[in-house]
Amino acid sequence: PVASNLTGEGLVRGFDGKPLAGAYVTALGSLVWSRTDEIGRYTLPLPTSSTTTLVVHHPDGAGDGRGQVVRSEPVQFERKSGVVPLPELVASLGSALRGTLRDGQGNPVSGVPLQVRGEGLSRVIESGISGMFRLAGLLPGRYEIQPIGYRGALGQKQEIVVDHAFVDCVVQLHPTAEQRVQVLDERGEPMRRAYVATSFDGERRSVAQADGEGWASVRIAAKDAQFEVRGADHYEAMSVRRYEADHNRLVVAAP
């Protein structure tokens with residue numbers, strides 16, 4: 001984000017009316033977060049636009065373990081620099097996302113980071129004992145949760161709708177395996193030294209260069225196989241016609 005010359009100062013209270021310490025505060029879209037001190041006060045760099053919306057996220061257990069959250073009404077300010085007062089924010093009980101992370105065989109997996117994004121929030125949490133994870137202090141809305149790759153397995157983005165006090169889900173890792181494939185053109189000629197990339201869930205996961213006979217070792221997800229092929233000299237893109245898994249052949253159209 002572009003550095004801002006405008007700073008806001010404000011106060012956050014919890015649902016019980018007491019100052020809320022340790023809460024995260026952001027201006028939507030700024031990607032900058034602040035945390036409240038022991039008396040609920042915070043300072044926050046503000047975007048240069050004249051209007052912003054503030055979001056407070058407090059994941060620690062409150063009430064019945066739902067955390068606390070609040071989204072302000074749009075806040076307007078005329079200044080472009082200096083310090084401006086921000087309205088006092090009063091949080092209410094939020095929603096909590098609870099789930100279990102499992103591997104391709106259905107076994108729980110612990111110690112794996114998961115990224116949760118949505119409604120202006122971006123947090124990384126970790127699966128614990130028996131693969132369980134939890135994130136409280138959420139606004140109602142749509143979120144994406146994705147495990148980060150772990151021991152050769154890949155995580156696929158999963159959309160979660162948070163519309164209750166507690167929302168439960170199961171997230172799964174997808175195994176991958178290293179496999180040799182031969183890149184051929186439509187005449188059956190090997191594409192020597194071509195670059196082969198494999199993708200999963202829209203993200204590139206591995207890149208390899210084929211040898212003189214068109215063979216390359218790549219990692220392929222068990223659920224889906226997505227390929228990108230480029231020429232050896234000028235990296236020109238080649239359209240992938242088909243992947244013949246039974247024969248480990250990747251047929252492309254020469255540029």
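Please read all numbers here as calculations on a predicted model, not as lab measurements.

### Let's talk about the overall build of the chain
Within the chain one finds 0 helices and 26 strands. For 255 residues, the compact-globule formula gives about 18 Å, and the C-alpha radius of gyration of the chain, at 24 Å, lies well above that figure. For the chain, the share of sequence-separated contacts (at least 6 apart) that also reach a separation of at least 24 residues comes to 57%. Computed over 28 positive and 30 negative side-chain charges, the inter-centroid distance for the chain is 1 Å.

### Overview of the confidence of the model for the chain
On average, residues of the chain score 90 in pLDDT, and 97% of them reach the 70 mark or higher. Mean pLDDT across the elements of the chain bottoms out in strand β17 (residues 154–155) (83) and peaks in strand β10 (residues 89–90) (97).

### Section: the pairing of strand β7 (residues 68–71)
One face of the sheet, then the other: side chains in a regular strand alternate in exactly this way. Two strands pair when backbone bridges link them, and strand β6 (residues 54–58) and β7 are joined in this way by 4 bridges, in the antiparallel orientation. Counted as the bridge partner of His58 is Gln68 from β7. In this structure, β7 lies alongside strand β11 (residues 92–93), joined through 2 bridges in antiparallel fashion. Paired with Gln68 across the bridge in β11 is Leu93.

### Some remarks on the pattern of salt bridges
Using the criterion set out here, one finds 10 salt bridges in the structure. The shortest N-O distance in the salt bridge between Arg187 and Asp185 comes to 3.1 Å. Note on Arg187: relative accessible area 71%, which makes it exposed. The class of Asp185 is buried, set by a relative accessible area of 6%. Taking the shortest distance from any N to any O, the salt bridge between Arg204 and Glu228 comes out at 2.7 Å. With Arg204 in strand β22 (residues 203–209) and Glu228 in strand β24 (residues 226–230), the pair connects residues that are 24 residues apart, well separated along the chain. Of the residues examined, Arg204 reaches a relative accessible area of 52% and is grouped as exposed. One connected set of salt bridges, linked through shared partners, spans Arg204, Glu228 and Arg230.

### Focus: the nonpolar core
Counting residues in hydrophobic clusters, the biggest one holds 23 residues, and the most contacted among them are Leu101, Phe133 and Ile145. Among the elements of the structure, β12 (95–102), β13 (113–118), β14 (121–126), β15 (132–138), β16 (141–147), β18 (158–162) and β19 (166–174) are those that each provide at least two residues to this core. Of the residues forming this core, the biggest block, 4 residues, is contributed by β19. In contact with Leu101, other than residues within four places in its own chain, are Asn107, Pro108, Val109, Val112, Leu114, Ser127, Gly131, Phe133, Pro147, Val171, Gln172 and Leu173. By size, the runner-up hydrophobic cluster in this structure holds 18 residues, among which are Leu6, Val12, Tyr42 and Val84.

### Brief notes about the sheet that holds β7
The strand order β3-β2-β6-β7-β11 describes an open sheet built from 5 strands, whose pairing is antiparallel. Edge strands, defined here as strands with exactly one partner in the open sheet, are β3 (33–35) and β11.

### A closer look at the packing of aromatic side chains
By the definition in use, this model includes 3 aromatic pairs. Note on Tyr24 and Trp33: the rings are 6.2 Å apart at their centroids and 80 degrees apart in plane angle, and the pair reads as edge-to-face. Relative accessible area serves as the criterion here: at 32%, Trp33 is assigned to the partly exposed category. With centroids separated by 5.6 Å and ring planes inclined at 45 degrees, the aromatic side chains of Tyr195 and Tyr235 adopt a geometry described as tilted. In this pair, Tyr195 sits in strand β21 (residues 195–200) while Tyr235 sits in the loop between β24 and β25 (237–244), placing the two residues 40 residues apart along the sequence.

### What to know about the pairing of β15
For β15, the tally of buried residues reaches 5 of 7 residues, placing the bulk of the element in the interior. Sheet analysis places β12 next to β15, joined by 5 bridges and oriented antiparallel. Among the inter-strand pairings, Ser95 is bridged to a residue of β15, identified as Leu138.

### Details of the sheet that holds β14
The strand order across the open sheet formed by 4 strands is β14-β13-β16-β18, and the pairing between neighbours is antiparallel. Whereas interior strands pair on both sides, the edge strands pair on one side only; in this sheet they are β14 and β18. Direction aside, the axes of adjacent strands within the sheet are offset by 25 degrees on average. The sheet contact formed by β13 and β16 spans 4 bridges and is antiparallel. Residue pairing for β16: Leu114 is matched across the bridge by Pro147.

Quick notes on the rules
- Residues numbered from 1 in each chain as written.
- Predicted model: local features only at pLDDT ≥ 70, side-chain atom pairs only at ≥ 80, totals over all residues.
- Heavy atoms only, no water.
- Helix = DSSP H or I, 4+ residues; strand = E, 2+ residues; numbered from the N terminus.
- Rg over C-alpha atoms; globule rule 2.2 N^0.38 Å.
- Contact = heavy atoms within 4.5 Å.
- Lys, Arg positive; Asp, Glu negative; His and termini not counted.
- Charge placed at Lys NZ, Arg CZ, Asp CG, Glu CD.
- pLDDT = per-residue confidence, 0-100.
- Pairing = 2+ DSSP bridges.
- Salt bridge = Lys/Arg side-chain N within 4 Å of Asp/Glu carboxyl O.
- Buried < 20%, exposed > 50% of the residue type's maximum accessible area, 1.4 Å probe, protein only.
- Core = buried A, V, L, I, M, F, W, Y, C linked by side-chain atoms within 4.5 Å.
- Phe/Tyr/Trp six-rings, centres within 6.5 Å; stacked < 30°, edge-to-face > 60°.
- Axes fitted to C-alpha atoms, helices over the stretch in contact; angles between N-to-C directions.

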